Amino acid sequence: MMGVEVERVVGGLCAAQKLERDRAVADLHLKIKSYSSELVLSLHTALLHILTDSTSPWESKHGGLLGMRAMVESSCCGDPESPIPGEARQAALRLLTHQEVRVRQAAGEVLGALCHQDGGATYATCSGNILELVRSNLERQVTDDEASRSEHESTRLLMEKLSAGTRERRNSGDAAKIFHDTAGWRNLETSMKCLEHMITGSGPKFLPYINQDLLDLIFQALTHTNRFVRETGFSVCGALVSCGAEESAELMESNPMFTFGDQLTQNLGQGLADNWSQVRLASSVATRKFLMSLPAAARERFFPTLLPRLCLNRYYVAEGVRLHSQETWRQVTGAEGKALVEKYIDSVVTYYIEATGADNHAVREAACACIAELALKLTTDAVRQHVPRLLHALTVCFTDDSWPVRDAACVACGNFILCFPEESQSSMETLYPLFLNNLQDNIPSVRQGAAVAIANVVRAYGKDVLPMVVEKMHEGLKGVEEQPSESERYGDLEGGLSMYGVVKRKRDNDMELHSNKQMYSCGSLAPKMGRGGGGCSDCRFRRPPQLWERADGCVYLAGELAAVPEAAGEVTACLPLMAEAVQHRHYTSHVTLLETLCKTLPHLARGLSKRVFKTNLHLFLDSIFYALECENALTSSAASQCLSQLSQLLGPNILRGRVEEHNPSYLRALDANAFTGPL
């Protein structure tokens, strides 16, 4: 019976299908504690034979290692005289260099389980092998020419080889080069994961093994050219700082996390600013573990480096990094976040300004958002001395090739001007043209952001700037009547020079436009993208603004100015001109201008007061109901929401009466949409 059970378990663990192997491992976890010592030893012998047999397929070795791990975790080999731990350790060490990555990963997990059982004794026994394996692969970064290529260059060469044709792909020499380009550090990543498993398994008992040599080796991986190695390196750091920390202040000086804290902080700070989101997230996880492993009083020593980076990552575009950083901020700072930023304002400002010059457009965007936060949330005295430097950095970002950066910089400038009008006065000569240029940008959200910023300028400087702003608004609304029809819209792009050849050949599906080009990853945010462009939000090419876009920005501006008391009268006088502008429908994009109008009218009603708006409502009813019946779904939906909100603001009966008075034929559409309930 014992032989039958061993054969059954081994057969499941060595199955070719992963699902069957997983089931066998789960079954072994449930039953192994009921096995006799003789059955456990027989099972171990059978698995050891598979792991040491060079003819065994990788699936069998993988299942054998999973079975070994289950046996170790069940404590069935806790007898000091048992040969199982030593033999399992030797088998796992040999398989750490197996050609199959899943086998190498499973071998590392076995060693981690052994460390958990013996309190780190396994690490003490085989640390030399593990660290030498890591070190030898890390050195290839320097000695191997191909391995030292940047990721950008390696990807380009790989794509050239893959697209070179069937004949070249059949060439075994080229195939080997392709494999080497993509798997040049195959043992390094899995060796690092093995080290992580052993540290995690040892727990607090690993603290005595932390020394400068170990840290130097790990820190070397954190600067590796391969992003996956860097990510794994920060995972190892996370395991290292999770080993445990003494809460007692008397023992803090002997705590390795505190002793080597400055070095850890420097490297974690680099990871928090890494161009690749996955690396940045791994570093964020390690940073939280590091800070939370220390008593609250000991953390502030490391805040000048870590606090600004954590603060910026709360606005990072990658959701995982953003949410994790927000939660870390809550856990680390509690209710003292604002006070800590003010305390370390010099470090925060310096890093924010540095981030506005980063190659990664997402970092620049986050930096602008953080700078705006400084103006809105901190006390003016804490920020005042830094206003000139911050405004200068935002002014540079104002002309960024990436439109999200331009948008964030514009809104941030508006907030700074509102909070620091005197300090910003000297920069206004430069900022006025930038605000007005964004007001007619090709991107709708940029136009909307410019309207918000200009409204803040009016709040800050009042009647000193209001005439100029109103004049520009009038010019923009009047100019839409000269908007060329759609057939002429792209005429200016075909004739002259353009920054991208794609523009000149936009009507042709030319394969040259789409083949053998640099690829960018939205998930990693274009790690090698220069400040001048690249990535999914690259806007290095900007066509001249259209007249309707200028008018669209002015409609947004009117909606924002309506809430400014000094400008309410000017906006009211401008309503007939706005109504006339949206009635020009000789160009295709008029539906977009109508959509903006429908979104803006409720804001106008709230800002100007119901009494003032009701007297001018009739000017827009034709446009609203035209938009409601429009084939463009976004425009029609905006009109529907507009009527619904106006119904709540003015009252359904008043709205119905005004519609009936203006044009009774609109009542059918009004009743069909039933604008009487809540939004």
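Positions within a chain are numbered from 1, following the residues in the order the chain's sequence is written. At least 70 in pLDDT is required for a residue's local features to be given in this predicted model, at least 80 for side-chain atom pairs to be given and counted, and no such filter applies to totals for whole chains, interfaces and linings, which use all residues. Each side-chain value is worked out from all heavy atoms of the structure, with water and hydrogens disregarded.

A.B. asks: What should I look at first to understand the overall build of the chain in this one?
C.D. replies: Tallying secondary structure elements over the chain gives 40 helices and 0 strands in all. Summary of the burial criterion: residues with accessible area below 20% of their type's maximum are buried, those above 50% are exposed, and those between are partly exposed, where the area comes from a 1.4 Å probe applied to protein chains only. Across the 679 residues in the chain, those meeting the buried criterion constitute 51%. What makes two residues a contact is simply this: any of their non-hydrogen atoms within 4.5 Å. Put simply, 73% of the contacts in the chain that link residues at least 6 apart link residues at least 24 apart. The method behind every accessible area is Shrake-Rupley, applied with a 1.4 Å probe, and residues are considered shielded solely by the protein chains displayed. Total accessible area on the chain stands at roughly 30500 Å², and carbon and sulfur atoms take up 52% of it. The secondary structure listing takes helices from DSSP runs of H or I that are at least 4 residues long and strands from runs of E that are at least 2 residues long, numbered from the N terminus.

A.B. asks: When you look at the pattern of salt bridges in this model, what are you seeing that I'm missing?
C.D. replies: Opposite charge on two side chains permits them to pair, given that their charged atoms come into close proximity. For salt bridges, the criterion is a side-chain nitrogen of Lys or Arg within 4 Å of an Asp or Glu carboxyl oxygen. One pass over the full model with this rule turns up 23 salt bridges. As a salt-bridge pair, R384 and D381 come within 3.5 Å of each other at their nearest N and O atoms. R384 sits in the partly exposed class, given a relative accessible area of 33%. A relative accessible area of 61% places D381 in the exposed class.

A.B. asks: Got a minute to help me understand helix α6 (residues 101-118) in this structure?
C.D. replies: Side chains that are three or four residues apart share a direction in an α-helix, a result of its 3.6 residues per turn. Each residue after the first adds 1.5 Å to the expected span of a helix. The terminal C-alpha atoms of α6 lie 26 Å apart, and with 18 residues this matches the ideal 26 Å at 1.5 Å per residue to within 8%. Within the sequence span of α6, burial applies to V103, R104, A106, A107, G108, V110, L111, G112, A113, L114 and C115. One or two positions beyond α6, positive phi appears at G119, with a value near 70°.

A.B. asks: I tried to follow the packing of aromatic side chains on my own but got confused; where do I start?
C.D. replies: Centre distance and the angle of the planes are the two values used to describe a pair of aromatic rings. Pairs were defined over the aromatic rings of Phe, Tyr and Trp, the Trp ring being its six-membered one, requiring ring centres within 6.5 Å. Orientation was assigned from the angle between planes: stacked under 30 degrees, edge-to-face over 60, tilted for the rest. Under the defined criterion, the tally for this structure stands at 8 aromatic pairs. Ring centres of F206 and Y209 lie 5.6 Å apart, and the angle between their planes is 55°; on these two criteria the pair is classed as tilted. What makes Y209 partly exposed here is its relative accessible area of 26%. Three or more aromatic residues link up through ring pairs in this structure, and these residues are Y123, F206 and Y209. Think of it as a cone above the ring: NZ of Lys or CZ of Arg counts as a charge over the ring if it is within 6 Å of the ring centre and within 35 degrees of the ring normal. A cation over an aromatic ring shows up here: R227 above the ring of W276, its NZ or CZ 3.9 Å from the ring centre. The side chain of R585 reaches across the aromatic face of Y626, ending 3.9 Å from its centre.

A.B. asks: Before we go on, may I ask you to explain the nonpolar core in this structure?
C.D. replies: A general feature of soluble globular proteins is that nonpolar side chains tend to end up buried together. In terms of nonpolar packing, the biggest core is built from 203 residues, with L111, F290, F416, F435 and L561 touching the most fellow members. Element by element, the count of residues in this core is highest for helix α23 (residues 361-377), at 10 residues. Not counting the four nearest positions on each side in its chain, F435 is found in contact with F398, C410, C413, G414, I417, M428, A450, A453, I454 and V457. Residues belong to a common nonpolar core when they are buried Ala, Val, Leu, Ile, Met, Phe, Trp, Tyr or Cys residues joined through side-chain atoms within 4.5 Å.

A.B. asks: Teacher, can you tell me more about helix α30 (residues 466-479) here?
C.D. replies: Helix length check: α30, at 14 residues, gives a terminal C-alpha distance of 20 Å against a target of 20 Å (1.5 Å per residue), a fit within 8%. For α30, the full list of buried residues reads L466, V469, V470, M473, G476, L477 and G479.

A.B. asks: Looking at this structure, how should I read the side chain of R314?
C.D. replies: With respect to the helices, strands and loops of the structure, R314 is situated in the loop between α19 (303-313) and α20 (319-333). In this structure, R314 is in contact with R322, S325, Q326, W329 and E373, ignoring residues within four places of it in sequence.

A.B. asks: Before we go on, may I ask you to explain the side chain of S202 in this structure?
C.D. replies: With respect to the helices, strands and loops of the structure, S202 is situated in helix α11 (residues 186-202). The contact partners of S202, leaving out residues within four places of it in the chain, are C115, H116 and G120.

A.B. asks: Just to check I follow, could you spell out the state of the cysteines for this structure?
C.D. replies: By definition, a disulfide links the sulfur atoms of two cysteine residues through a covalent bond. Cysteine sulfur atoms are paired as a disulfide whenever they fall within 2.5 Å. The tally for this structure, following the rule as stated, stands at 0 disulfides. Here C126 is not disulfide-linked; the sulfur of C115 is the nearest cysteine sulfur, at 6.4 Å.

A.B. asks: Looking at this model, I keep getting lost on the confidence of the model for the chain. Mind explaining?
C.D. replies: Note: predicted coordinates in regions of low pLDDT should not be interpreted at a detailed level. Averaged over every residue, the pLDDT of the chain is 82; residues scoring 70 or more account for 81%. The low-confidence segment residues 141-159, where pLDDT is below 50, has 28 contacts with residues more than four positions distant or belonging to other chains. The predictor attaches a confidence to each residue, and that confidence, scored 0 to 100, is pLDDT. The low-confidence segment residues 487-509, where pLDDT is below 50, has 31 contacts with residues more than four positions distant or belonging to other chains.

A.B. asks: Can you help me understand the environment of L188 in this one?
C.D. replies: Tracing the backbone shows L188 in helix α11. Judged by relative accessible area, which is 0%, L188 ranks as buried. As for L188 and L138, which are separated by 50 residues in sequence, their C-alpha atoms are 7.0 Å apart. When near neighbours in sequence (up to four residues on either side) are disregarded, L188 contacts V134, N137, L138, H224 and V229.

A.B. asks: Which parts of the structure should I look at to understand unusual backbone geometry?
C.D. replies: Leaving glycine out, the prevailing phi sign among residues is negative, and the prevailing peptide bond configuration is trans. Within the chain, S609 stands out as a residue other than glycine whose phi angle is a positive 90°. Locating S609 in the fold gives a position in the loop between α35 (590-608) and α36 (610-614). According to the relative accessible area criterion, S609 is partly exposed, its value standing at 30%.

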